[in-house]
Each structure stands twice: as structure tokens, then as C-alpha cells.
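Descriptive structure summary
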Amino acid sequence: MAKKSNKETTSERVLRVATELFAEKGYDATGVQELSESTGLGRGALYYHIKNKQQLLLSIALRLLENANREARRILASGGSAEDRLHRMAEHLLTDLSTNRSAWITSMRDWQALDEPHRSHVRHLRDEYEQYWQALFDEGAEAGLFRPVHPMQRRAIVGMFTSSYRWIEPAGSLSPKQISELYVSLFLDGLRVRKGD
């Protein structure tokens, strides 16, 4: 989640602290009492701002995925070649994974702890996000830029990016943009040596 700001509301503080605790300890291992103590709120005051722990986990996941889908729609509509827009999609995703790492750790690792229908809603938003990538792959294939991309290949490509939540660091030796360029070149160019290389 975003870093603490001077204008942070109590509800925003609760969500930020919950995100940090869930990422560090795991959703199941974080109790309401610990949330209460870490936010500086009594249990009654805490429950004024949240319905339950499930609601916090759902809010973390929805905030990330709704933002990712909103940005993907903006990139799709922004013009330029399919390849240019793939680069922008990749850079945005890795930048967000780096900037909001605690939230991505929690969302990617713990989302299945959600009850239905919340788990299905999160799954639907994740599938929607992958379809924006597929739309660019299909557009590139129709333009003769790429070979057709099978849905299983798309899943592997997007998974290559999203799994970087496990290790990516804002101050790492490579920036999110540099990592995204390496990843995009890998799936666009492949590993096989071609004549003239």
C-alpha cells in the first residue's frame, strides 16, 4: 500500500497497517487483537472502521486489481503499436508490484482465504486483467507482429510478471522498467539463437 501520509484517515491507516501485518505474518496468523494494538485502536474502535478481517483482505485485493484493470484499459486505448503498449503494460505492472509489494504479497498469497463469493470476484478481476494482455497479443498477431499466443502461453507470461512480487525491491540493482524490458524481450524474442545473431 501507499506509504503513510500526513492526511491519512483512520480507515486508511487501518488498511495500511493490516496490509503490512498480513504481508509479514500471513493473513491467518494475524489476529484482530494484533490489528487493534498495531493501529492504536481499541477493538470497538477498530470494528467501527472494518466489518471483519475478510473485509480488509478483500479491500487489499480489490484495490490492486481494480487499479491494474483501470490502467490496462487506459493503455489499450492509448494508441501506438501492440508491442509499444505491451512494454507499457509490463512496466506499469512491475512498478506497481515494487511500489505496493506488501499488498501484492498479501493478495497473491492469501486471496484464497476469502469466502465465496468474494474469492470468485477476485478471480474474475484477475481473469479480466489477463484478457487485456491477450487483447494486445491478438492485435499484434493480426498485424503480423507476433505469432498467435495461446491462452496457456498468456497465463505463463503474465505469471512470470506477477510472481516477481516474491523478490522485487524498489531499490534493487535493476529498476522495474529494466526488469520489464528484460521480460518483454524474453517472450517477444525467445531464447533460440537465430541466423545473424
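Residue positions are counted from 1 within each chain, in the order its sequence is given. Local features in this predicted model are restricted to residues whose pLDDT is 70 or higher, and side-chain atom pairs enter the listing and the counts only when it is 80 or higher, whereas totals over whole chains, interfaces and linings include all residues. Hydrogens and water are ignored here; the side-chain numbers use all heavy atoms of the structure.

So, the environment of Met152
Applied cut-off: In this description a helix means any DSSP run of H or I spanning at least four residues, a strand means any run of E spanning at least two, and both kinds are numbered starting from the N terminus. Burial classes follow relative accessibility: with a 1.4 Å probe on protein chains only, a residue under 20% of its type's maximum area counts as buried, one over 50% as exposed, and anything between as partly exposed.
Looking at where Met152 falls in the secondary structure, it is placed in helix H8 (residues 151–162). Assessed through its relative accessible area of 55%, Met152 is described here as exposed. Sequence-wise, Met152 and Ile60 are 92 residues apart; in three dimensions their C-alpha atoms are separated by 27 Å.

A closer look at the nonpolar core
Rules: Residues enter a nonpolar core if they are buried and are Ala, Val, Leu, Ile, Met, Phe, Trp, Tyr or Cys, with the set joined through side-chain atoms within 4.5 Å. Any two residues having at least one pair of non-hydrogen atoms within 4.5 Å are treated as being in contact.
Within the largest apolar cluster, 55 residues are counted, with the highest numbers of intra-cluster contacts made by Leu56, Val122, Trp133, Phe161 and Phe187. Counting only elements with at least two residues in this core, the list comes to helix H1 (10–25), helix H2 (32–39), helix H4 (53–76), helix H5 (82–99), helix H6 (101–110), helix H7 (118–142), H8 and helix H9 (176–189). By residue number, the principal contributor to this core is H4, which donates 11 residues. If we skip the residues at most four places from it in the chain, Phe161 touches Ala90, Leu93, Leu94, Leu97, Trp133, Ser180, Tyr183, Val184 and Phe187.

Notes on the layout of surface pockets
Space left empty within the atom packing is revealed by a probe, the size of a water molecule, rolled over the atoms. Definition in use: Here the term cavity refers to a set of points on a 1 Å grid, laid over the protein atoms alone, in which a 1.4 Å probe fits but cannot get out; the term pocket refers to an open set having protein on both sides within 12 Å along at least five of seven lines, with lining residues being those that place an atom within 4 Å of a point. Grid points are joined across faces, edges and corners, and a volume is the space filled by probe spheres set on the points. Polar here means any residue outside two lists: the nonpolar Ala, Val, Leu, Ile, Met, Phe, Trp, Tyr, Cys and Pro, and the charged Asp, Glu, Lys and Arg; Gly therefore counts as polar.
Considered as a void within the structure, the second largest pocket measures approximately 350 Å³ in volume. In terms of lining residues, the second largest pocket is bounded by 18 residues, among which Met108, Arg126, Glu130, Val158 and Thr162 are the most central. Contributing elements (two or more residues each) for the lining of the second largest pocket: H4, H6, H7 and H8. Ranked by residues supplied to the lining of the second largest pocket, first place goes to H7 with 5 residues. Residue composition of the lining of the second largest pocket, by class: 9 nonpolar, 3 polar and 6 charged.

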